Amino acid sequence: MIAKVNMFASKKTMNTKTFKFIYWISTGIVSLMMIFSGYSYFTNPEVKHGFTHLGFPDYFRIELAIAKILGAIMLVLPIKILIKEWAYAGFAITFISAFIAHTASGDPISNRIGPIVFLFILALSYFAYHRTKAVIKC
């Protein structure tokens, strides 16, 4: 009986560690990409031209840069779940919108794949985060 309890406890620990690892790797990738992206929106003239090409006004580039940097910080900080949920939702909308914008403007497939790849990494982070929280509560 004690052996079964110990086996269950070690599985639970392993699952928690595995999901924490998956969460931190996927969240780190998304957060670093969002911070780099937000920084590029401020500093890179090619990105400014890209927004013009997609038909967006210049002020949207600034707003999106600020939102991306703040959202990346919210994903990494140990804060209340509701704020993280808004960050996840905002990034999901951003990735889907980027895919639609690149598709509608006739950009090549290489420009369309990036947002979809990061949407999957974001989903991995989201599910690992919630799985980690569910295992800890048990």
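Anything mentioned here points back to the structure above.
Calculation criteria
Residues numbered from 1 in each chain as written. Predicted model: local features only at pLDDT ≥ 70, side-chain atom pairs only at ≥ 80, totals over all residues. Heavy atoms only, no water. Phe/Tyr/Trp six-rings, centres within 6.5 Å; stacked < 30°, edge-to-face > 60°. Buried < 20%, exposed > 50% of the residue type's maximum accessible area, 1.4 Å probe, protein only. Helix = DSSP H or I, 4+ residues; strand = E, 2+ residues; numbered from the N terminus. Core = buried A, V, L, I, M, F, W, Y, C linked by side-chain atoms within 4.5 Å. Contact = heavy atoms within 4.5 Å.

**Remarks on the packing of aromatic side chains**
The geometry of two aromatic rings is summed up by the distance between their centres and the angle between their planes. Scanning the entire structure with this criterion turns up 11 aromatic pairs. Between tyrosine 23 and tryptophan 24, the ring centres sit 5.0 Å apart and the planes meet at 70 degrees, which makes this aromatic pair edge-to-face. On the accessibility criterion, tyrosine 23 (6% relative accessible area) is buried. Seen in terms of ring centroids, tyrosine 126 and phenylalanine 127 are 5.5 Å apart; in terms of plane orientation they differ by 75 degrees. Their pairing is edge-to-face. Assessed through its relative accessible area of 26%, tyrosine 126 is described here as partly exposed. Taken together, the ring pairs in this structure connect Tyr23, Trp24, Tyr88, Tyr126, Phe127 and Tyr129 into an aromatic cluster.

**Notes on the environment of isoleucine 25**
When you line up the elements, isoleucine 25 lands in helix 1 (residues 2-43). A relative accessible area of 43% places isoleucine 25 in the partly exposed class. With 99 residues separating them in the primary sequence, isoleucine 25 and leucine 124 have C-alpha atoms 9.7 Å apart.

**Some remarks on the nonpolar core**
By size, the foremost hydrophobic cluster in this structure holds 13 residues, and its most contacted members are Val30, Met34, Leu75, Tyr88, Phe91 and Leu122. Every element with two or more residues in this core is listed here: helix 1, helix 3 (58-76), helix 4 (81-104) and helix 5 (109-137). Setting aside chain neighbours within four positions, we find leucine 75 in contact with Tyr23, Thr27, Val30, Ser31, Lys84, Ala87, Tyr88, Phe91 and Leu122. Grouped together as the second largest cluster of nonpolar side chains are 5 residues, Tyr41, Val47, Phe51 and Ala65 included.

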